[in-house]
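Architecture and fold: a report
The primary structure of each chain is shown beneath.
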Amino acid sequence: MVTKQFGGSPEDVDLRRADSLAREIFSDIANKWALLIIEAIGERTLRFSELRDEVEGISHKMLTQNLRMMERNGLVEREVHPTVPPRVEYTLTEPGRALRATVDGMCDWTQRYLGHIEAARRHFGD
């Protein structure tokens, strides 16, 4: 994967531009698994297996891919303890905790409007 570099230009932060770094980052984090992982970690430090248990339905592969992406983007810190077998723990970084505030807002929005959305879906025929 080729990672775009921030050149300090307005184009880099313009989500409407297909070639912007901001869109690449947004695309990385705006998926259900990343959002659920951020919410699951919260203020805690969790091991891989604990995270897998917390995020119901996520596969080993998908959890691994998302944690790597989040580490690459500086949202989680991965700490490997030199034990046998190695113990690996994940914690949100400061940017990850800031993003969690947004995720919490999305969770609140979902709870607030769930009844409205269900009614709209019934009306639509879902």
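Refer to the structure printed above.
To keep things clear, this report deals only with the structure shown in the data block.

Calculation rules
Per chain, residues are indexed from 1 in the order of the written sequence. Only residues with pLDDT of at least 70 are given local features in this predicted model, and only at 80 or more are side-chain atom pairs given and counted; all residues enter the totals for whole chains, interfaces and linings. The basis for every side-chain value is the complete set of non-hydrogen atoms in the structure, without hydrogens or water. For this document, the term salt bridge refers to a Lys or Arg side-chain nitrogen within 4 Å of an Asp or Glu carboxyl oxygen. Put simply, DSSP marks the helices as runs of H or I at least four residues long and the strands as runs of E at least two long, and each gets a number from the N terminus on. For the exposure calls, accessible area comes from a 1.4 Å probe over protein chains only, and a residue counts as buried if that area is under 20% of its type's maximum, exposed if over 50%, partly exposed in between. Side-chain atoms within 4.5 Å link the members of a nonpolar core, which is a set of buried Ala, Val, Leu, Ile, Met, Phe, Trp, Tyr and Cys residues. Only heavy atoms matter for contacts: two residues are in contact if any of them lie within 4.5 Å across the pair.

1. Digging into the pattern of salt bridges
This model, assessed by the stated rule, comprises six salt bridges. Glu54 is paired through a salt bridge with Arg44; the nearest N and O atoms lie 3.3 Å apart. With a gap of ten residues between them, Glu54 in helix α3 (residues 48-54) and Arg44 in the loop between α2 (32-41) and β1 (45-47) connect regions that are remote in the sequence. Looking at Glu54, the relative accessible area reads 44%, which means it is partly exposed. Among the charged side chains, a network of salt bridges with common partners joins Glu24, Asp28 and Arg72.

2. So, the nonpolar core
One finds Ile37, Ile41, Leu51, Leu63, Leu67, Met70 and Tyr90 to be the most contacted residues of the largest nonpolar core, which totals 24 residues. Of all the secondary-structure elements, those providing two or more residues to this core are α2, α3, α4 (60-72), β3 (87-92) and α5 (94-124). In terms of residue count, the dominant contributor to this core is α2 (seven residues). Ile41 has contacts with Leu46, Leu51, Val76, Tyr90, Thr91 and Leu92, leaving out every residue within four places of it along the chain.

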